[in-house]
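Close look at the chain arrangement
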Amino acid sequence: MSSGPLYLGFDLSTQQLKAIVVSSDLKVVSEAKVDFDADFAAKYGIRKGVLRNEDEGEVYAPVVMWLEALDLVLSRLVEKKCPVENIRGISGSCQQHGSVFWNAHAEGALGALDGGKTLHEQLNHVFAYEFGPNWQDHSTQKECDLFDSHLGNAEKLAEVTGSSAHHRFTGTQILRMRRRRPQVYSETARISLVSSFLASVLLGTIAPLDIGDVTGMNLWDIPNHKWDESLLELTAGSKDAVPELRQKLGEARQDGGGSMGAISSYFVTKYGFSKACQVAPFTGDNPATIMALPLRPLDAIVSLGTSTTFLMVTPTYKPDPSYHFMNHPANPGQYMFMLCYKNGGLAREIVRDTLEKPSDATDPWATFNKNVLDTPALGVTPDSGDRAKLGLYFPLPEIVPNIKAGTWRYTSKQDGSDLHEETQGWDSSLDARAIVESQALSMRLRSQNLVSGHGKLPAQPRRIYLVGGGSLNPAIQRVIGDVLGGVDGVYKLDVGGNACALGGAYKAVWALERSEGESFDELIGKRWTEKGAIERVGQGYREGVFEKYGDVLGAFGEMESKILQVAHN
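Residues numbered from 1 in each chain as written. Predicted model: local features only at pLDDT ≥ 70, side-chain atom pairs only at ≥ 80, totals over all residues. Heavy atoms only, no water.

With that settled, the discussion passes to the domain arrangement of the protein chain. As assigned here, the protein chain comprises domain 1 (6–287), domain 2 (288–342 + 465–538) and domain 3 (345–449 + 543–566). Spacing between the C-alpha centres of domain 1 and domain 2 amounts to 22 Å. Listed per partner, the contact involves 61 residues of domain 1 and 43 residues of domain 2. With both sides pooled, the region where domain 1 packs onto domain 2 buries about 3700 Å², and carbon together with sulfur makes up 60% of that total. Ionic pairing is found between Arg-514 and Asp-255, a salt bridge with its closest N-O pair at 2.8 Å. The tally of links between domain 1 and domain 2 comes to 26 residue pairs in polar contact (both at pLDDT 80 or more). When residues of the side of domain 1 that touches domain 2 are traced back to their parent elements, those giving at least two are β1 (6–12), β2 (16–23), β3 (28–35), β6 (87–94), α6 (154–161), β13 (283–284) and α13 (285–290). When the residues that make up the side of domain 1 that touches domain 2 are grouped by side-chain class, the tally is 20 nonpolar, 29 polar and 12 charged. (Domains from an automatic or database assignment. Contact = heavy atoms within 4.5 Å. Buried area = accessible area lost by both parts, 1.4 Å probe. Salt bridge = Lys/Arg side-chain N within 4 Å of Asp/Glu carboxyl O. Polar contact = N/O pair within 3.5 Å; in protein donor to acceptor, adjacent residues only side chain to side chain. Helix = DSSP H or I, 4+ residues; strand = E, 2+ residues; numbered from the N terminus. Nonpolar A, V, L, I, M, F, W, Y, C, P; charged D, E, K, R; others polar.)

If you look at the biggest cluster of nonpolar residues, it comprises 190 residues, and the most contacted ones within it are Phe-10, Leu-70, Phe-267 and Phe-273. At 10 residues, helix α2 (residues 63–79) tops the list of elements feeding residues into this core. Apart from residues no more than four positions distant in its own chain, Phe-267 is found in contact with Leu-70, Leu-74, Leu-119, Val-201, Leu-202, Gly-272 and Phe-273. (Core = buried A, V, L, I, M, F, W, Y, C linked by side-chain atoms within 4.5 Å. Buried < 20%, exposed > 50% of the residue type's maximum accessible area, 1.4 Å probe, protein only.)

This part takes up the pattern of salt bridges. Under the definition given, this model contains 26 salt bridges. Salt-bridge contacts for Arg-76 lead to Asp-39; the nearest nitrogen and oxygen are separated by 2.9 Å. Highlighted residues: Arg-76 in helix α2 and Asp-39 in helix α1 (residues 36–44), separated in sequence by 37 residues. Owing to a relative accessible area of 25%, Arg-76 belongs among the partly exposed residues under this scheme. For Asp-353, the salt bridge identified is with Arg-352, shortest N-O distance 2.8 Å. Counted as one network, the salt bridges with shared partners bring together Glu-56, Glu-58, Arg-176, Arg-180 and Arg-181.

Below is the structure:
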């Protein structure tokens, strides 16, 4: 066990709270987790970490459950003999876009925590709203329409805030809260993102919003580094109400490093933390993922969890309504390009479960994977006249594109022409490959203008890193490489499913050990080694196969447009 300074990274996701402790040289010292369904389902009635109001499209979680989870995960670290007294810094990752509405009692209660009691006992009365809206929430379509039109159109909104309006973004959530539950809004003294909420509990005072996470709100003017007054006015309801909203939000902390203050005495008394332990800014789960390894230009991360995300780091700000740009959580002047899809792992599981399996099957993915690998690209047998098979599989309303729940199957000629819907469908065995292809094709369609060629090879990412549960699946690995390419191959980032927590821990190391002007990439790059952290799992670019998908990319975009047109008429 390391005797030097240690750093703690959290990951408060939809379904779990993870804690991982690393040394200054980035070696993992200890880890623990709380699974919300396993530990709290009976008490809170949750399923997959959340509660749902299907009638209104609301998805949310009890905030006090997160408090109980924090006590429990720290207890488990201590039970594992983790030397918490050596932890000198804490940062972390939390589900992006989620929010917490504190009442006027919060600040005082946070500053007076008693280490002889639990967080739940002492803080269950400090919330104006007992639930935290979750990123899967899709109750805000009316508010999204207002946001998209407020500055002129969705393109203008994206130019300012990095994204068009989205159901889960905090600005639309706050607007709906004010209109749907005016009493809650009136009683709200401060609004936190989930990242600043967890940091607040650890600090014992309300923490500021993080510069990487604040850009997931549709309220922050990215080019001018400030709140957008016009969007604040829309959210608050009038110009006169803007000062009140600004007070609820506070100011964003634009330095992703340094210390926000020492850890609350509650954690010193209850768990044995050092009084010298500092709390660095927390960030969202998507920004934290890019911090799990020092990305080089044109590298991409594909996170294959409950949701699916595609991430790249770029110094160029090229916003568009079809994707997201966010400030880098640590490096000023850099941006995170992100695609986020609700229909990730859940959609793949639904297709998996429709496939007929042998009665003695023990691996739930075996039949799915066999169908994926036995089916040629786009369902087209080589040297045949087969039509290319394209589909969308959305058990949940999707974010990008903004389409209602449903399943659609289309075919085109192999050159992408003559697209039409297959109303009779096709053999269900083809759906396994088609769903993975469809998710990857959407990523390729929207990122194609951010990548460049490599010598004589077509434009594509240099390396593709896979994280999340789906990264372990060989069939998914293969299709991601077939569709997206990857000149240097496809790699699995092996952090035991802890990419976000590890990114948080690395952020703590950088935040508190950086020298003046030293970037996150510089410090972590010196200490991080590929050996043991990544494994090459796919060839990536395959000549001829990559081009086949390029031929139908336009047809895939046309299919989305047709479905969008019908959905919004």
